[in-house]
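Descriptive analysis of the structure
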Amino acid sequence: MASGTRPRTPPPALLDATALEALVDALRARGFTVMGPTVRDGAVVIAELTSAADLPYGVGVDTDAGRYRLRARDDRAAFGHSAGPQSWKNVLHPPRALVWSADRTPDGSMAGGEPARERRYALLGVRPCDLAAIKVLDRVLTGGRQADPVYTGRRDGNLIIAVECTEPGAVCFCSSMGTGPGTDDGFDLALTELVDGGEHLFVVRAGTGEGAEILAGLPARPADEGIVERAREAVGAAAGRMGRTMRPGSLPDLLAEARGSPHWDDVAARCLTCGNCTMVCPTCFCTTPEDVTDLTGDHAERWRRWDSCFDLDFSYLHGGSVRTSGRARYRQWLTHKLGTWHEQFGSSGCVGCGRCIAWCPAGIDLTREIDALAAAGAG
Amino acid sequence: MTTTVPTLAVWKFASCDGCQLSLLDCEDELLAVAGRVRVAHFLEASRHVEPGPYDVSLVEGSITTAADARRIRDVRKMSRTLVTIGACATAGGVQALRNFADVDEFRSLVYARPEYVSALATSTPIAAHVDVDHELHGCPIDRGQLLEVITALLLGRRPDVPAHSVCFQCKQRGNVCVAVAHGTPCLGPVTRAGCGALCPAYRRGCYGCFGPMETPNAAAEAALLRATGLSDEDVRRMYRTFHTADPVFIALSEVTAGPAGRPDDRA
Ligand code: SF4
Ligand code: SF4
Ligand code: SF4
Ligand code: SF4
């Protein structure tokens, strides 16, 4: 789909911040389960929103490698925070999911049961990088011969309300990855938040018919060219204020050449092999099956749960694990994410959200590791 | 049919009974367990005792007396499968603090008639005395893991008891990381999963009660603990509680500085 050419969608509209309430109510009235950002336990997490009052108004975030703290903003911005510990992966590809269950029937045969049908989700507050991550997951989990039924059950019929970024966080680098801070497609509605003095507005664009229909039911007014331009400039300026940069050039080539780099030992000395980076990454999709039986053996269930290439069992073949050292496991993560992903799925596995940097308890920053690998190779 | 029902025995050594209570705590599931096995020896639950041999023995507690060192050998002889339950049985427990102190001195200070007390100088795990088939970690154990092991043994399948870090379960549970978001010291990255990341779910750092994960990185964890404001001595103490006699945690406790040669990325 070519971006920016949607002749039948209406021109941008303007919403007052108070209209977020009408938006959430309208989504709920249409039967959506609305998922969006909210504050819990000192972070902005993704959870079900029962009203717009659950949004993190006035909450900002100070973040850096291995560090994340909420802070009070001096305005009431609802989306003035960068990536928390969760992503839309938690909703669409949940940490643990039932794959099938079966019961032994009186005649001794097994009767399988289908997993229950999922609800219809509205995803409110999807950042451009996270929109790109959902597209990556779509390719990985539905692009092959077998579409993943757990994922499609949660992904089909989504309504996506994107929010462009005007204030990148200290660990963000979406502009290096070409995924943000603005967006032109893949959403039903896209918001750009403008907070200035007493003014708190959203420029809204509809990307689909359903988005346009919802917008038509909201207390919106036409947006004049001046304010649309202001929103565009704010997003454009954000592109120049990214906290991190990913090195340009072919990362698949760099990583293929760096296979034997001594730098892997350096990063392995700092890496806890704790798996946090893959768990918070919005595109890491690996799972492991978990077979559950009750004590009688008459009822069996197959679940799957997130796994990670940092788990020793992840590479367990007969006789033992293939990737035992921290060096081999960190190299697998970085090489898959930024290198071989291209060949496997036609894009990078990284969208530049910065989560793995902020939520690594050891503060390991993949952009710096790539720089170091490049330097070690050049030296 | 009744002759083929497997027998279960539960044994106590030096311990607080918390792990056996986890079994009693299983309530509904316990009725299902009782329907599938014959509980032949479980003094915490019943005075009714049947003679061995037993198909499965669950052993709680560590070895702290010469008499117990003999008794565990008898238990082993009578048991087809022996499963240790909890930090005491698998690692010596909190009472292994004595391994680093003078037991005679304690004895004379605490007891009016110290000569009545007959105790070994150390508290040691069951595996230091006899072969063990499965080990369940934790102080106390997780009842979900206990049921998983009993179910797997009854059905003859491999139990699902992962050895990766607590962080896996922490993220899967949707916890906010207390180390990253609150600056709270946490042993989760070097501790074996199994508890479901219970402490971080209540905004506390992991105490390491499940013992070491499969490949703990001592220096990287030391860097994390120091970054949350702990001193050398605090780092040492963190490791020396529930798994004080675990050789891996002892080794980790001796590393109190981050990886050499590179400034911390958080700085
Ligand atoms: S690799 Fe890191 S920065 Fe890239 S998408 Fe994953 S979590 Fe975000
Ligand atoms: S980086 Fe690791 S966990 Fe992530 S998708 Fe690749 S193999 Fe799976
Ligand atoms: S890079 Fe960081 S988050 Fe990832 S496994 Fe290593 S220490 Fe954990
Ligand atoms: S709170 Fe502790 S266990 Fe949880 S992710 Fe953070 S470091 Fe790991």
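Everything discussed here concerns the structure shown above.
Residues numbered from 1 in each chain as written. Chains lettered and ligands numbered in written order. Predicted model: local features only at pLDDT ≥ 70, side-chain atom pairs only at ≥ 80, totals over all residues. Heavy atoms only, no water.

On to the nonpolar core. Note on soluble globular proteins: their nonpolar side chains tend to be buried together. Tyr330(A), Trp333(A), Leu334(A), Leu338(A), Trp359(A), Leu366(A) and Ile370(A) are the most contacted members of the largest nonpolar core, which totals 66 residues. With near-sequence residues (within four places) excluded, Leu334(A) lies in contact with Leu255(A), Trp264(A), Gly339(A), Leu366(A), Glu369(A), Ile370(A) and Leu373(A). (Core = buried A, V, L, I, M, F, W, Y, C linked by side-chain atoms within 4.5 Å. Buried < 20%, exposed > 50% of the residue type's maximum accessible area, 1.4 Å probe, protein only. Contact = heavy atoms within 4.5 Å.)

Working definition: the strands of a sheet are paired by backbone hydrogen bonds and lie parallel or antiparallel to each other. Residues and elements named next belong to chain A. Here 4 strands make up an open sheet; going across it, the order is S7-S6-S14-S13 and the pairing antiparallel. Two strands in the sheet have a free side with no partner beyond their single neighbour: strand S7 (110-113) and strand S13 (287-293). Ignoring which end each strand starts from, the neighbouring axes of this sheet average 20° apart. Sheet topology places strand S6 (residues 96-104) next to S7; 4 bridges connect them, and they run antiparallel. For Ala102, the partnering residue across the bridge sits in S7 and is Gly112. (Pairing = 2+ DSSP bridges. Helix = DSSP H or I, 4+ residues; strand = E, 2+ residues; numbered from the N terminus. Axes fitted to C-alpha atoms, helices over the stretch in contact; angles between N-to-C directions.)

A word on a nonpolar patch on the surface. Residues and elements named next belong to chain B. Together, Phe106, Leu109, Val110 and Tyr111 give the surface a local cluster of nonpolar side chains, amounting to about 450 Å² of exposed area. Inspection of the secondary structure puts Phe106 in helix H5 (residues 103-110). You can call Phe106 partly exposed: its relative accessible area is 42%. (Patch = residues over 30% accessible without salt bridge, like charges linked within 9 Å, V, L, I, M, F, W, Y side chains within 5 Å. Areas by Shrake-Rupley, 256 points an atom, 1.4 Å probe, with all protein chains shown as cover. Salt bridge = Lys/Arg side-chain N within 4 Å of Asp/Glu carboxyl O.)

Taken residue by residue, the interface counts 39 residues in chain B and 53 residues in chain A. In this assembly, chain B and chain A are joined by 2 salt bridges. Linking Arg203(B) and Asp41(A) is a salt bridge whose minimum nitrogen-to-oxygen distance equals 3.4 Å. Inspection of the region where chain B meets chain A yields 20 residue pairs in polar contact (both at pLDDT 80 or more). Secondary structure elements with two or more residues in the side of chain B that touches chain A: helix H2 (28-36), helix H6 (143-155), helix H7 (166-173), helix H8 (178-182) and helix H10 (218-227) of chain B. Its residues assigned to classes, the side of chain B that touches chain A comprises 17 nonpolar, 10 polar and 12 charged. (Polar contact = N/O pair within 3.5 Å; in protein donor to acceptor, adjacent residues only side chain to side chain. Nonpolar A, V, L, I, M, F, W, Y, C, P; charged D, E, K, R; others polar.)

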